[in-house]
2 protein chains.
Amino acid sequence: MRLGVLISGSGTNLQAIIDACAAGEIDAEVTVVISDKEAAYGLERARKAGIDAVWLDRSRFEQPSLFTAAILETLLAHGVDLVVMAGYMRLLGRAVLAAYPDRVVNLHPALLPSFPGANAISDAFEFGVKVTGVTVHFASELFDDGPIIAQEPVRIGEADTLDTLEAKIHEVEHRLYPQALAAIAAGHVEIGEDRVVHIAPRA
Amino acid sequence: MRLGVLISGSGTNLQAIIDACAAGEIDAEVTVVISDKEAAYGLERARKAGIDAVWLDRSRFEQPSLFTAAILETLLAHGVDLVVMAGYMRLLGRAVLAAYPDRVVNLHPALLPSFPGANAISDAFEFGVKVTGVTVHFASELFDDGPIIAQEPVRIGEADTLDTLEAKIHEVEHRLYPQALAAIAAGHVEIGEDRVVHIAPRA
């Protein structure tokens, strides 16, 4: 399975995925990393791992649909089977979702449907929940929506600050996302008619 | 601390609270159980434990405010310090909340703010989340809202049905609610200015 990873930032989840592929924990390879930010350190991580690193400058495209088309073209040119959003801070265009039905996955640092949005960790902390977590899900046309593949809870204790909570969330992310991708690559993940995801070894 | 427990049904959480008080795990006693349903088995549980059991027939009150007044009168007549909603399926009237500021607690069978409402367990199951749970919170004038005191996650696995999930949720409820009430009775629970609840031993 050939993975195309979309990033906007430092790419720590990208690194976890690259490492898990290299270790044989995911039966897949990252064939391209695409960033909408030139300065995203994840591009450097890709280059260091010998993976094509592509910066697509949103400001160079006159319309959102042309930017989406450029992303899709890059994915298709690299023979990508599964699109992996890893800290990509934009809504993915419809054309990509249409070309990859139920083949675009996203990571969210909260237990969806609680705390969607770009500030999920601090939103949960300030709300005062005692349990938050991490979600891996198939992407839809809405932000932080779509069938849930895997979730793991993270407790917020009295000793936690926003910093310690962020560290705990990221630690879980770096474990859960590769696990979920491994299950997909192994063919164990199926979406039922009710849109509920089932994970089971193929018979 | 004197507890007044509001129920509408079988009262399994009421029983867990009665048992925990009897065992000395909660430094409190249940002084009255109030039900809006005559057939609620929880009333029988109260009588068996020697606790005053009061059925308030909603249909006998011309206005909601008079029904609320009857609840409040019953609580005050029993010297209740803390109002405990345990499967009480109505919105509590404002007059009770005003008389017991931050002294009304509720139990919800999901990880709030996810899945508020009367069908939280099946809503979570049908949504396809992989982690749900139980929340104990202070009540507000809205359903399933207010500062969160305690939460515990419950995983939904491939082998789970709605029945097995309900059993797991109820098992957690019967443990988590008495624990939270014990912390309140011990004076360990404080609501911060930001409305976030802190649980810590008093200095």
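Being a predicted model, the structure only gives us computed values, none of them experimental.

Caption draft 1: Representation of the sheet that holds strand β2 (residues 29–35) of chain B in the model. All names here are of chain B. Here we have seven strands laid out as an open sheet, ordered β3-β2-β1-β4-β5-β6-β7, and mixed in their pairing. The open sheet is flanked by β3 (52–55) and β7 (148–155), the only strands paired with a single partner. On average, each strand axis in the sheet is tilted by 20° relative to the strand beside it, whichever way the strands run. Looking at chain direction, strand β1 (residues 2–7) and strand β4 (residues 82–85) are connected through four bridges and run parallel. Within β4, the residue paired with Leu3 across the bridge is Leu82. Across the face of the sheet, helix α3 (residues 64–77) comes into contact with β1, β2, β3 and β4 while running at roughly 160° to β2.

Caption draft 2: Representation of the interface of chain A and chain B within the structure. The interface is formed by 24 residues belonging to chain A together with 24 residues belonging to chain B. The contact between chain A and chain B buries some 2000 Å² in all, and 57% of this surface belongs to carbon and sulfur atoms. Connecting chain A to chain B are zero salt bridges. Ranked by the residues each element gives to the side of chain A that touches chain B, the list is headed by strand β7 (residues 148–155) of chain A, at seven residues. Classifying every residue of the side of chain A that touches chain B gives 15 nonpolar, four polar and five charged.

Caption draft 3: Examining the pairing of β3 of chain B more closely. Residue and element names in this part refer to chain B. Alignment of β2 against β3, held across four bridges, turns out to be parallel. Bridging across to β3, Ile34 finds its partner in Val54. In this view, the connection linking β2 to its parallel neighbour β3 by way of helix α2 (residues 41–48) has right-handed handedness.

Caption draft 4: Highlighting the pattern of salt bridges. Residue and element names in this part refer to chain B. This model, assessed by the stated rule, comprises 14 salt bridges over all chains. One salt bridge connects Arg2 with Glu29, and the closest N-O pair in it is separated by 3.5 Å. You can see Arg2 sitting in strand β1 and its partner Glu29 sitting in strand β2, a full 27 residues away along the chain. Between Asp102 and Arg195 there is a salt bridge; the shortest N-O distance is 3.1 Å. One end of the pair, Asp102, is in the loop between α4 (94–99) and β5 (104–108); the other, Arg195, is in the loop between β8 (189–191) and β9 (197–199), and 93 residues separate them in sequence. Arg195 gets classed as partly exposed once you look at its relative accessible area, which sits at 40%.

Caption draft 5: View of the sheet that holds strand β3 (residues 52–55) of chain A. Residues and elements named next belong to chain A. Strand order in the open sheet made by the seven strands is β3-β2-β1-β4-β5-β6-β7, with mixed pairing throughout. Bordering the open sheet on either side are β3 and β7, each of which pairs with just one other strand. Taking the axes of each pair of neighbouring strands and ignoring which way they run, one obtains an average angle of 20° across the sheet. Across the sheet, helix α1 (residues 12–22) lies against β1 (2–7), β2 (29–35), β4 (82–85) and β5 (104–108), angled at about 165° from β2, the strand it touches most. Sitting on the sheet, helix α2 (residues 41–48) touches β1, β2 and β3, and the angle it makes with β3 is about 155°.

Caption draft 6: Main features of helix α3 (residues 64–77) of chain A. Residues and elements named next belong to chain A. For α3, built from 14 residues, the straight-helix expectation of 20 Å at 1.5 Å per residue is met to within 8% by its first-to-last C-alpha distance of 20 Å. Among all positions in α3, only Phe67, Thr68, Ala70, Ile71, Leu72, Thr74 and Leu75 are buried. Packed against the buried residues of α3 are β1, β2, β3, β4 and α4 (94–99). Of the residues one or two after α3, Gly79 is the one with positive phi, at around 60°.

Caption draft 7: View of the environment of Thr31 of chain B. Residues and elements named next belong to chain B. Topologically, Thr31 is positioned in strand β2. Each C-alpha atom, one on Thr31 and one on Gly11, is 15 Å from the other, the two residues being 20 residues apart in sequence. Residues contacting Thr31, with those up to four places away along its chain left out, are Arg2, Leu3, Ile51, Asp52, His78 and Val80.

Criteria and thresholds
- Residues numbered from 1 in each chain as written.
- Chains lettered and ligands numbered in written order.
- Predicted model: local features only at pLDDT ≥ 70, side-chain atom pairs only at ≥ 80, totals over all residues.
- Heavy atoms only, no water.
- Pairing = 2+ DSSP bridges.
- Helix = DSSP H or I, 4+ residues; strand = E, 2+ residues; numbered from the N terminus.
- Axes fitted to C-alpha atoms, helices over the stretch in contact; angles between N-to-C directions.
- Contact = heavy atoms within 4.5 Å.
- Buried area = accessible area lost by both parts, 1.4 Å probe.
- Salt bridge = Lys/Arg side-chain N within 4 Å of Asp/Glu carboxyl O.
- Nonpolar A, V, L, I, M, F, W, Y, C, P; charged D, E, K, R; others polar.
- Right-handed = clockwise from strand over helix to strand, strands pointing away.
- Buried < 20%, exposed > 50% of the residue type's maximum accessible area, 1.4 Å probe, protein only.
- Expected span 1.5 Å × (residues − 1).

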